[in-house]
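Residue strings, one per chain:
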Amino acid sequence: CCYSACVVCTGAALLGGNRVAFGQRHDNVSSANRRCPRCPRRPCRPRRPRPQAPSLGAAFGAMVRDTRWESPDTINALQRFNIYPEVSAGLLYRYAYAPLADAFPGAVPALRDPIDFVCATVFFLMGVQLAAFFLLCTYVGRGVVPGLVGLAGFVFNFGQSSRVHTNVALRESFALPFLWMQVLVVVHCIRTSSSAAGGGSSGGGRRRLPSRGVFVLLVLCSAAYMLAWQFAPFSLLLQLGALYAVFSLGYLSLPLLQFLFGAFITAMLATATLMFL
């Protein structure tokens, strides 16, 4: 619970800040005798207002030199915790959602608190995960029916497939959509290279590597996956081992293996740069 509160408050509260244009907030009821708008039968306890950064630079400065979570020590929250998902959600809240909600109060759903926007982002990513998994099953099975069967298996085993319904702010809730997209890109690279070669690694056709756009997409999906979840490098290591095993059996060409390994190494360097430098 402390870890979830840390990552959510650091990313959403600092970047999102307090907005009062969406209605009366639960946090702003300062008097103990006033009735809370969410629980009118009981008086609302005064709560300390959340920090609001005046600018983007001040928000990142407060996260880089954080003195709250491990006081009296000063830590770099971007290095210590995987809070880039909350940072991204905070940026969207402050510079996209909040201006739209102020400009169109009736058309945009009113979220009273930045944490509500973070939860909405997680639920949206859950929908993206289902869509990516359906596309992966459809692409591998070469038809819509395998995609529907895979999607049905995911939904009927939802309790084992995801914990977003019980623990919203888990790291894998942000990361797994990018994993399925990354696997889809890897499968596309293997199928494209095999089709161009006319078979396996010993095929006589001319081998065609994926384009630079596919390389960039693979790097972005892998980097986003590792930035969101601290255990992502272990699963990617297993994926690299599986690709090397397929290459050792002669079903994967050396140029394609170098292409995939180059994308993974580039994503790893980008992740290390953002988290540790």
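Keep in mind that this is a model prediction, so the values were computed, not measured.

Draft legend 1. Local environment of the environment of Thr192. Relative to the helices and strands, Thr192 is located in helix H8 (residues 171-197). Thr192 sits in the buried class, given a relative accessible area of 14%. When the C-alpha atoms of Thr192 and Pro210 are compared, they prove to be 7.2 Å apart, with 18 residues separating the residues in sequence.

Draft legend 2. Spotlight on the confidence of the model for the protein. Put simply, the protein has an average pLDDT of 78, and 76% of its residues get 70 or more. Across the protein, the element-wise mean pLDDT spans from 46 in helix H1 (residues 2-16) up to 94 in helix H9 (residues 212-228). Here residues 17-34 is a poorly scored stretch, pLDDT under 50, and it has 51 contacts once near neighbours within four places are set aside; other chains count. Low confidence marks residues 45-49, where pLDDT is under 50. Its contacts with residues over four positions away, or in another chain, come to seven contacts.

Draft legend 3. Inspection of the nonpolar core at higher detail. Residues Cys189, Leu218, Tyr225, Leu243, Leu260 and Phe264 are the most contacted members of the largest nonpolar core, which totals 38 residues. Here this core gets eight residues from one element, more than from any other, and that element is H8. Apart from residues lying up to four places away in sequence, Cys189 is in contact with Pro210, Val214, Leu256, Phe259 and Leu260. Of all hydrophobic cores here, the second largest spans ten residues; its members include Met63, Ala77, Leu78 and Tyr84.

Draft legend 4. Seen up close, the packing of aromatic side chains. Here the structure, examined in full by the defined rule, presents eleven aromatic pairs. Between Tyr93 and Phe117 the ring centres are 5.4 Å apart and the planes differ by 65 degrees, which places this aromatic pair in the edge-to-face class. In this pair, Tyr93 sits in helix H4 (residues 84-103) while Phe117 sits in helix H5 (residues 114-141), placing the two residues 24 residues apart along the sequence. Across this residue pair, the class does not change: Tyr93 and Phe117 are buried. Summarising the aromatic geometry, the rings of Trp229 and Phe231 are spaced 6.1 Å apart at their centres and angled 90 degrees between planes, so their arrangement reads as edge-to-face.

About the criteria used
Residues numbered from 1 in each chain as written. Predicted model: local features only at pLDDT ≥ 70, side-chain atom pairs only at ≥ 80, totals over all residues. Heavy atoms only, no water. Helix = DSSP H or I, 4+ residues; strand = E, 2+ residues; numbered from the N terminus. Buried < 20%, exposed > 50% of the residue type's maximum accessible area, 1.4 Å probe, protein only. pLDDT = per-residue confidence, 0-100. Contact = heavy atoms within 4.5 Å. Core = buried A, V, L, I, M, F, W, Y, C linked by side-chain atoms within 4.5 Å. Phe/Tyr/Trp six-rings, centres within 6.5 Å; stacked < 30°, edge-to-face > 60°.

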